[in-house]
Every structure is written in structure tokens, then in C-alpha cells.
Amino acid sequence: MENIIRTLRAERGWSQAALAEQLDVSRQSVNAIETGKYDPSLPLAFAIARLFGKSIEEVFQDPDAPVSKAAE
Amino acid sequence: MAQQVGFNAARKRYKRLYWPAIIAYVTACIGGAILVDKDTSPVWMTSVLAILTGAPLVFIMWLMLRHSDETDEYTRMRQLQAFAKGGAITMSAIWVVGSFQLWEVIPGLNVFWFGPFFFLAYGLTYCWDSLTGKTV
């Protein structure tokens, strides 16, 4: 699962630790999710999306998803 | 088991009980070494000492599992993986050493030492996964 958390975090000037504090998870968790080493559960994914004011689909992308004709 | 309370609260709850348990364990070890003589002390006294020494470690094992249950999902995954791997390594050591003892290749080894061995295996597995990049 790919995501744009690092970009969203950088836009707001937040460190990984600051984001982790707001999500009440460890800094290692944020790092693992950002680097794609760990896919969060749905509740955590919703919490991340909510924090950035976006939908889950905007934050997380499925690299195996078929490309729609509109996108082509 | 308790419900998830979040990374920070779980860590505080763990530390609040972990340190008293460790102090109790060290006190029992040092106190026992000073006060009890294995050859002359009555059985009830050495039994009490054994319970006082072992109980904090059992409590810490329960504390580790409670912390895993309460912390965030990624930390829980890492801890339980290390717990499982550490447990598997310890069980393997018990079987190998036990087989050698069964065939009287080596003399008897106190079962007590498999406890510290588990904590060592747990800690090394936890660090190894971080160092090899399996986790962050």
C-alpha cells in the first residue's frame, strides 16, 4: 500500500514524533507506515486521513488497483 | 485482557508497575543471598524466598502481555513477533539441552536459567528485526 503521509506531514511541518503524538502511536509506527513497511488497520488509516482532513483514498493508494479509463 | 489504551498511556501503565516489580525481584535476590543459607535454613524459608524471587518475574511476563494488548497496533505486532520467536528459541534450547541431559551427555542444568534465556532471546530478536530492516 502506497501513501502520501510523508508529503502531508511535511506540508504541515510536523515531525514523525509530532504526528505519532497526535495519533497516539509510536514514532516507529509512523516511520513504518510512511515507508510502506507496515499497512495500518482501517481504524488507524481512518484516524490518519481524518487528521489530515482527507479521505482514505486520497491518503492511501493501492498500487495493484486497475487503472480506470478516465485516468488513462 | 485489557483494551487498547494507546501508545503513551500503555507505556506509562507498564513503567509504573515494571520498576516496582524489578526492585522487588532484586531485593528478593539480594535479601535471600544475605539472609538464607541453603544448607541450614528451614525449607519454609527457602520456599518463601523462591516464591518471592519468582513472583515478580511471573508478574513482569503478565505485564508484558498486558502492554502488548494496550499499546498501538504496530508496537503490538513487533512485541508479539519477538515474544513468539523468543519463545520458540527458548523451547528449542529446552528440547536440545533436555535431550542431552536425558542421554546423560551433560549434567543437569537448573530450569531457572531458561527464564533469563527467554528474556535474552526476546530482546535480541526484537533488536535483530530492527537492525536487519524487517521492521523500522
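Rules behind the numbers
Starting from 1, residues in each chain are numbered consecutively following that chain's sequence as written. Chain labels run from A onward and ligand labels from 1 onward, assigned in the order the entries are written. Only residues with pLDDT of 70 or above have their local features reported here, since the model is predicted, and side-chain atom pairs are shown and tallied only from 80 upward, although totals for entire chains, interfaces and linings are computed over all residues. Computation of side-chain values: all heavy atoms of the structure, hydrogens and water removed. Secondary structure elements are taken from DSSP: a helix is a run of H or I of four residues or more, a strand is a run of E of two residues or more, and numbering for both begins at the N terminus. Under the scheme applied here, a residue whose accessible area is under 20% of the maximum for its type counts as buried, over 50% as exposed, and between as partly exposed, the area being computed with a 1.4 Å probe on protein chains only. UniProt positions are given in the numbering used here, feature names are shortened, and annotations may be inferred rather than shown by experiment. Here the nonpolar core consists of buried residues drawn from Ala, Val, Leu, Ile, Met, Phe, Trp, Tyr and Cys, with membership extended through side-chain atoms lying within 4.5 Å. Contacts are assigned to residue pairs with any non-hydrogen atoms lying within 4.5 Å of each other. Accessible-area loss on putting two parts together, using a 1.4 Å probe and summing over both, is the definition of buried area adopted here. Put simply, a salt bridge is a Lys or Arg side-chain nitrogen that is within 4 Å of an Asp or Glu carboxyl oxygen. The term polar contact refers here to a pair of N or O atoms within 3.5 Å; inside protein, the definition further demands a hydrogen-donor-capable atom paired with an acceptor-capable atom, and it admits residues adjacent in sequence only when both atoms are side-chain atoms. Side-chain classes are defined by residue name, with Ala, Val, Leu, Ile, Met, Phe, Trp, Tyr, Cys and Pro counting as nonpolar, Asp, Glu, Lys and Arg as charged, and the others, Gly among them, as polar.

This part is about the overall build of chain A. Assigned secondary structure in chain A consists of five helices and two strands. Seen in sequence order, chain A has helices and strands lined up from the N terminus as β-α-α-α-α-α-β. For chain A, the spread of C-alpha atoms along the principal axes amounts to about 40 × 20 × 20 Å. Burial analysis of chain A (72 residues in total) assigns 36% to the buried set.

Let us look at the UniProt feature "domain: HTH cro/C1-type" (unreviewed entry) in chain A. The UniProt feature table records "domain: HTH cro/C1-type" (unreviewed entry) at residues 5-59 of chain A. Split by type, residues 5-59 of chain A is 69% helix and 0% strand. Its first and last C-alpha atoms lie 7 Å apart.

Ranked by internal contacts, the top residues of the largest apolar core, which has 19 residues, are Ile5, Ile33, Ile48, Val59 and Phe60 of chain A. Sorting the residues of this core by element identifies helix H1 (5-12), helix H2 (16-23), helix H3 (27-34), helix H4 (42-51) and helix H5 (56-59) of chain A as the ones contributing at least two each. Excluding residues that lie within four positions of it along the chain, Ile48 of chain A makes contacts with Ile5, Leu23, Ile33, Val59 and Phe60 of chain A. Counting residues in hydrophobic clusters, the runner-up holds seven residues, among them Ala21, Met64, Ala82 and Phe83 of chain B.

Across the contact, 14 residues belong to chain A and 13 residues belong to chain B. With both sides pooled, the region where chain A packs onto chain B buries about 1,100 Å², and carbon together with sulfur makes up 54% of that total. Of all residues in chain A, Asp24, Lys37 and Tyr38 of chain A give up the largest surface area on contact with chain B, accounting jointly for 45% of the area buried on that side. In this assembly, chain A and chain B are joined by zero salt bridges. Inspection of the chain A/chain B interface yields seven residue pairs in polar contact (both at pLDDT 80 or more). Considering every element that reaches the side of chain A that touches chain B, the biggest residue donor is H3 of chain A, with four residues. Among the residues forming the side of chain A that touches chain B, the class breakdown is five nonpolar, six polar and three charged.

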